[in-house]
Amino acid sequence: MLKLGVNIDHVATLRQARGTDYPDMTAAARSCEAAGAEGITIHLREDRRHIQDADVYTLRERLQVPMNLEMANSPEIVGIALDVKPHEVCLVPEKREELTTEGGLDVAGQLDELRPTIESLAAEGVSVSLFIDPDPAQIEASASLGVPYVELHTGTFCDAEGSVAEAELNRLIEGARLASSAGIKVNAGHGINLDNIAGILHMPHLDTLNIGHSIVAHAVFVGLENAVRAMIAAMGAYRGGEA
């Protein structure tokens, strides 16, 4: 079964917009869990624009499903991850001025910087995933670091149309094949919504989809549990493996 990890960052965005103590992040996570989410993703950014340090510690104690902590390879954030010990860490590129993560991590160009972080997290029992574009060089570099997971960046496909979207989907399909053949489990995420998920489901060997913004946006109209259930229902068409 294809698993859904729900990113609840934008629940925190609502909270931070007014500097209140609501919406409550634990309550949001509980709703996602009740609806069938098999993981909760949060991104502790260096600028703390949504998720705060206290959220990371509190959710680690209270979640009933695994926590996936997205983070930059920053010494401060790595230190927090080593203290909290989430089930999984996904290392992502991060720029202060971006609205959301733009593109994948340049693993091939940062092997020496990434290796000690990956090794220190793995030594604490934390599974490490690398958020990468479906590029053979990045997949091969990820394999050389011995990570158990990669998360393929689906945003370019999700934002494209026509022949460009078809080409990007083919890149994702080939990237998933290459990662699986290298013994790496394949996750995917970024920009996925109910309108474009049918294309994503053509990707073979998927373990987990990490989806946040579209679910939280849909929840404005139908409630968080219903929004999560709608995404899980759409994912039910996935057959996995190769067609």
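Numbering of residues starts from 1 in each chain and follows the order in which that chain's sequence is written. Local features are withheld for residues below a pLDDT of 70 in this predicted model, meaning they are given only at 70 or higher, and side-chain atom pairs are given and counted only at 80 or more; totals for whole chains, interfaces and linings count all residues. Water and hydrogen atoms were dropped before computing side-chain values, which therefore reflect all heavy atoms in the structure.

**Student:** Give me the packing of helix H2 (residues 25-35) against helix H11 (residues 224-235): which residues, what numbers.
**Tutor:** Note on definitions: angles span 0 to 180 degrees between N-to-C directions of axes, and those axes are lines fitted to C-alpha atoms, for helices only across the stretch in contact. Going along the chain from the N terminus, every DSSP run of H or I of four or more residues is numbered as a helix, and every run of E of two or more is numbered as a strand. Where H2 meets H11, the closest approach of the two axes is 8 Å, and the angle between their N-to-C directions is 40 degrees. Considering their axes alone, H2 and H11 lie oblique with respect to each other. Handedness of the crossing formed by H2 with H11: right-handed. Only Leu224, Glu225, Val228, Arg229 and Ile232 of H11 make contact with H2, whose side of the interface consists of Ala28, Ser31, Cys32, Ala34 and Ala35. In this classification, the charged set is Asp, Glu, Lys and Arg, the nonpolar set is Ala, Val, Leu, Ile, Met, Phe, Trp, Tyr, Cys and Pro, and all remaining amino acids, among them Gly, are polar. Its residues placed into classes, the contact of H2 with H11 shows seven nonpolar, one polar and two charged. Angles are sorted into four bins: roughly parallel if under 35 degrees, roughly antiparallel if over 145, roughly perpendicular if 65 to 115, and oblique for all others. For a crossing to be left-handed, the near helix must be turned anticlockwise from the far one by less than a right angle; the clockwise case is right-handed. Pairs of residues are marked as contacts when any of their non-hydrogen atoms sit within 4.5 Å.

**Student:** Give me the sheet that holds strand S3 (residues 67-71): which residues, what numbers.
**Tutor:** At least two DSSP bridges between two strands are required for those strands to pair. The strand order around the closed barrel formed by eight strands is S1-S2-S3-S4-S5-S6-S7-S8, and the pairing between neighbours is parallel. Averaged over all pairs of adjacent strands, the angle between their axes in this sheet comes to 25 degrees, without regard to strand direction. As defined by bridge partners, strand S2 (residues 39-43) adjoins S3 across four bridges and the pair is classed as parallel. Paired with isoleucine 42 across the strands is leucine 69, a residue of S3. Each of strand S6 (149-153) and strand S7 (185-189) touches helix H8 (residues 162-181); the most contacted strand, S6, lies at about 175 degrees to it.

**Student:** Provide a residue-level description of the nonpolar core, including the pertinent values.
**Tutor:** Only buried Ala, Val, Leu, Ile, Met, Phe, Trp, Tyr and Cys residues count toward a nonpolar core, and they belong to the same one when joined by side-chain atoms within 4.5 Å. With a 1.4 Å probe rolled over the protein chains alone, any residue whose accessible area is under 20% of its type maximum counts as buried; one over 50% counts as exposed, and the rest are partly exposed. Among the nonpolar cores identified, the biggest contains 74 residues, and Ile8, Leu130, Ile200 and Leu209 are the most heavily contacted of them. In this structure, leucine 209 is in contact with Leu2, Lys3, Leu4, Gly5, Ala188, Ile192, Ile197, Ile200 and Met235, ignoring residues within four places of it in sequence.

**Student:** Tell me about the side chain of aspartate 55, and please be specific about residues and values.
**Tutor:** For aspartate 55, the location among the structural elements is in helix H3 (residues 53-62). Note on aspartate 55: relative accessible area 9%, which makes it buried. In the analysis that follows, any N or O atom pair within 3.5 Å is treated as a polar contact, provided that within protein one partner can donate a hydrogen and the other can accept it, and provided that, for residues neighboring in sequence, both atoms belong to side chains. Within the structure, aspartate 55 has its side chain in polar contact with the side chain of arginine 15 (distance 2.7 Å). Contact partners of aspartate 55, with chain neighbours within four places excluded, come to Arg15, Met25 and His50.

**Student:** How would you summarise a nonpolar patch on the surface if you had to cite specific residues and measurements?
**Tutor:** The patches reported here contain residues having more than 30% relative accessible area and no salt bridge. Joining distances are 9 Å for like charges and 5 Å for nonpolar side chains (Val, Leu, Ile, Met, Phe, Trp, Tyr). Surface exposure here means Shrake-Rupley accessible area, sampled with a 1.4 Å probe, where a residue is shielded only by the protein chains that are shown. Each reported salt bridge corresponds to a side-chain nitrogen of Lys or Arg within 4 Å of a carboxyl oxygen of Asp or Glu. A cluster of nonpolar side chains, contributed by Val220, Phe221 and Val222, occupies part of the molecular surface with about 340 Å² of accessible area. Position of valine 222 relative to the elements: it lies in helix H10 (residues 213-222). You can call valine 222 partly exposed: its relative accessible area is 32%.

**Student:** If you had to explain the environment of alanine 176 to someone new, which residues and values would you point to?
**Tutor:** By secondary structure assignment, the location of alanine 176 is in helix H8. When its relative accessible area of 0% is taken as the criterion, alanine 176 is described as buried. The spacing of alanine 176 and valine 186 is 10 residues in sequence and 6.3 Å in space, taken between C-alpha atoms. Excluding residues that lie within four positions of it along the chain, alanine 176 makes contacts with Leu152, Val186, Met203, Pro204 and His205.

**Student:** Outline the pairing of S6, listing residues and values.
**Tutor:** In terms of burial, S6 is largely enclosed, as five of its five residues are buried. Taking every second residue as pointing to the same face, both faces of S6 are buried, with Tyr149, Glu151 and His153 on one and Val150 and Leu152 on the other. Bridge count for strand S5 (residues 127-132) against S6 is four bridges, and the pairing is parallel. Its bridge partner lying in S6, phenylalanine 131 is registered against glutamate 151. As paired elements, S6 and S7 share five bridges and run parallel to each other. Bridge pairing in S7 links valine 150 to valine 186.

None of this, on its own, says anything about what the molecule does.
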